[in-house]
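Chain and residue survey
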Amino acid sequence: MKAYVVDKYKKKGALRLAEWQDPQVQNADILVRVHATSVNPLDSKVRDGEFKIFLPYRPPFVLGHDVAGTVVKVGPAVSRFKVGDEIYARPRDLRVGTFAEFIAIHEDDAALKPRTRTMEDASSMPLVALTAWQALVDVAKVKPGQKVFIQAGSGGVGTIAIQLAKHLGATVATTSSAKNAALVKSLGADVVIDYKTQDFEKVLSGYDVVLNSQDSKTLLKSLNVLKPGGHLVSISGPPDPAFATTLGMNALLKLVVRMLSRSVRKKAKSLGVHYSFLFMRADGRQLEQIATLVDSGAIRPVVDKVFPFSQTPEALAYVETGRSKGKVVIKVQ
Ligand SMILES: NC(=O)c1ccc[n+]([C@@H]2O[C@H](COP(=O)([O-])OP(=O)(O)OC[C@H]3O[C@@H](n4cnc5c(N)ncnc54)[C@H](OP(=O)(O)O)[C@@H]3O)[C@@H](O)[C@H]2O)c1
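Residues numbered from 1 in each chain as written. Predicted model: local features only at pLDDT ≥ 70, side-chain atom pairs only at ≥ 80, totals over all residues. Heavy atoms only, no water.

1. Section: the overall build of the chain
Helix and strand counts for the chain stand at twelve helices and 16 strands. Here the C-alpha atoms of the chain give a radius of gyration of 19 Å, agreeing with the 20 Å that 2.2 N^0.38 yields for 333 residues. Along the longest, intermediate and shortest principal axes, the C-alpha atoms of the chain span 55 × 45 × 35 Å. Per-residue burial over the chain gives 55% buried out of 333 residues. Here the contacts in the chain between residues at least 6 apart in sequence split such that 69% fall between residues at least 24 apart. With an accessible surface of roughly 14500 Å², the chain has 54% of that area assigned to carbon and sulfur atoms. Of the charged side chains in the chain, 46 are positive and 31 negative; the average position of the first set lies 6 Å away from that of the second. (Helix = DSSP H or I, 4+ residues; strand = E, 2+ residues; numbered from the N terminus. Rg over C-alpha atoms; globule rule 2.2 N^0.38 Å. Buried < 20%, exposed > 50% of the residue type's maximum accessible area, 1.4 Å probe, protein only. Contact = heavy atoms within 4.5 Å. Areas by Shrake-Rupley, 256 points an atom, 1.4 Å probe, with all protein chains shown as cover. Lys, Arg positive; Asp, Glu negative; His and termini not counted. Charge placed at Lys NZ, Arg CZ, Asp CG, Glu CD.)

What follows is the structure in structure tokens.
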């Protein structure tokens, strides 16, 4: 099969279109013919080697974290899917590789794709929708009537997180540039702050939840908009000790992680608010619930551009500009 491969960890390193071995189907795997995949900033970070300490992919490996496609074979222990099913998934860490014609995925990581949406739309959702779900539902436990601040509302995560927070009954504030204000309003944002001309810290106060996806300066400022008891969930770091424990890091790495998050944890403590780092995980059951929300119209995917498979490197470069609106999709079949 054809696949886009990382030959060595390198910042902005080129992807190689390779003739690659067909995936091996393990007991509980489904083999999926990839119709579409989408790009996440995580792809570039993995290629650059930023995450190799805790995601030790051994080059050469196939890149790509999102997929929508058709099941063409099932392992003997598979119980939830059959050949012909149309699924979408974010395969679990260390088993990614969706920039390819086929991928074998553990059945627990997949769900039937939203019925009402194309393969391209479906492929845009898994990683960002799971991130929004795990931040807002699992960690922050957003309740109706709460106030939620979602940074970068026009991004892949932001476009879904705004809609999910509204569905959960929250009032939503977001940051966006003026050119994307209409988009984030159409997704349900109640308060839109132009991050180029306004300081969100001066506009927002008394918030229950912040979803942080920006730099460390923004992270520290975000703590100030929370009310006591509020919760800041960061998906852009720094990792916290709970994350180190979940990954089973050794004592030295745990210490490093503790130091990295020391200032934010200290400031959070002094303000009486909670700080959590989230690194999203694969979860097919959550994708089932997300598909229901998509089919009911509560959440719609936002796709900026669709690239052909032959332009996978261009799709990655486009996302790396940091200016994409919603998601960038790659049509494989
Ligand atoms: N920990 C996890 O599990 C996890 C999961 C998913 C993502 N992430 C991380 O979260 C971050 C966001 O991911 P993403 O997929 O949403 O990225 P993305 O789609 O590439 O974000 C691009 C969007 O961000 C907006 N933007 C850029 N700078 C901004 C700023 N200072 N304020 C407000 N908006 C800004 C841009 O709008 P303009 O063009 O208007 O500037 C653009 O629409 C990345 O660092 C990613 O790696 C982490």
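The structure having been displayed, the exposition proceeds.
2. Points about the environment of Asp29
Topologically, Asp29 is positioned in strand S3 (residues 29-39). Using a relative accessible area of 1% as the deciding quantity, one classes Asp29 as buried. Residues Asp29 and Ile105, 76 residues apart in the sequence, show an inter-C-alpha distance of 5.1 Å. Beyond its immediate sequence surroundings of up to four residues, Asp29 is in contact with Gln24, Lys73, Val74, Gly75, Val78, Arg95, Ala104, Ile105, His106 and Glu107. A polar atom in the side chain of Asp29 sits 2.7 Å from the side chain of Arg95. (Polar contact = N/O pair within 3.5 Å; in protein donor to acceptor, adjacent residues only side chain to side chain.)

3. As for the packing of aromatic side chains
A ring pair, where both rings are aromatic, is described by two values, the distance of the centres and the angle of the planes. The tally for this structure, following the rule as stated, stands at eleven aromatic pairs. Consider the rings of Phe149 and Phe200, whose centres lie 5.0 Å apart with planes at 40 degrees: the pair is tilted. With Phe149 in strand S9 (residues 147-150) and Phe200 in helix H6 (residues 200-203), this pair connects stretches of sequence that are 51 residues apart. With respect to burial, Phe149 and Phe200 carry one shared label: buried. An aromatic cluster of three or more residues is present, and its members are Phe51, Phe54, Phe243, Phe277 and Phe279. Looking at Lys221, its charged tip hangs above the ring of Phe200, at a distance of 5.2 Å from the centre. (Phe/Tyr/Trp six-rings, centres within 6.5 Å; stacked < 30°, edge-to-face > 60°. Lys NZ or Arg CZ within 6 Å of the ring centre and 35° of its normal.)

4. Side note on the site of the ligand
In the vicinity of the ligand lie 24 residues, with Ser154, Ser177, Tyr195, Met280 and Ser324 positioned nearest. Take Ser154: an N or O atom from its side chain is 2.7 Å from an oxygen atom of the ligand. Ser177 is positioned with one of its side-chain polar atoms (N or O) 2.3 Å from an oxygen atom of the ligand. A total of 930 Å² of accessible area belongs to the ligand in isolation, and the protein chains cover 86% of it. Those elements giving two or more residues to the shell around the ligand turn out to be helix H1 (41-48), helix H3 (126-139) and helix H4 (156-167). Looking at which domains feed residues into the shell around the ligand, each of domain 1 (2-124 + 301-331) and domain 2 (128-277) supplies at least three. (Near = heavy atom within 4 Å. Domains from an automatic or database assignment.)

5. A short note on the pairing of strand S10 (residues 171-176)
Where burial is concerned, most of S10 is hidden: five out of the six residues are buried. The pairing of S10 with strand S11 (residues 191-194) spans four bridges and is classified as parallel. Within S11, the position partnered with Ser176 by the bridge is Asp194. Regarding topology, helix H5 (residues 181-186) serves as the crossover connection from S10 to the parallel S11, and that connection is right-handed. (Pairing = 2+ DSSP bridges. Right-handed = clockwise from strand over helix to strand, strands pointing away.)

6. Regarding the domain arrangement of the chain
Examined at the domain level, the chain breaks down into domain 1 (2-124 + 301-331) and domain 2 (128-277). In this structure, domain 1 and domain 2 have C-alpha centres spaced 26 Å apart. On the domain 2 side, the residues contacting the twelve residues of domain 1 number 16 residues. For the pair domain 1 and domain 2, the summed buried area comes to about 910 Å², and 67% of that belongs to carbon and sulfur atoms. Taken together, the links from domain 1 to domain 2 amount to zero salt bridges. At the junction of domain 1 and domain 2, the tally comes to two residue pairs in polar contact (both at pLDDT 80 or more). Of the residues that constitute the side of domain 1 that touches domain 2, the class distribution is four nonpolar, four polar and four charged. (Buried area = accessible area lost by both parts, 1.4 Å probe. Salt bridge = Lys/Arg side-chain N within 4 Å of Asp/Glu carboxyl O. Nonpolar A, V, L, I, M, F, W, Y, C, P; charged D, E, K, R; others polar.)

7. A few points about the sheet that holds S10
Taken in spatial order, the six strands make up an open sheet running S11-S10-S9-S12-S13-S14, and their pairing is parallel. Among the strands making up the open sheet, the edge pair consists of S11 and strand S14 (274-277). Averaged over all pairs of adjacent strands, the angle between their axes in this sheet comes to 15 degrees, without regard to strand direction. Against the sheet, H3 makes contact with S9, strand S12 (207-212), strand S13 (226-234) and S14, and its axis sits at roughly 145 degrees relative to S13, the strand it touches most. On the sheet, H4 packs against S9, S10 and S12 and is oriented at approximately 175 degrees with respect to S9. (Axes fitted to C-alpha atoms, helices over the stretch in contact; angles between N-to-C directions.)

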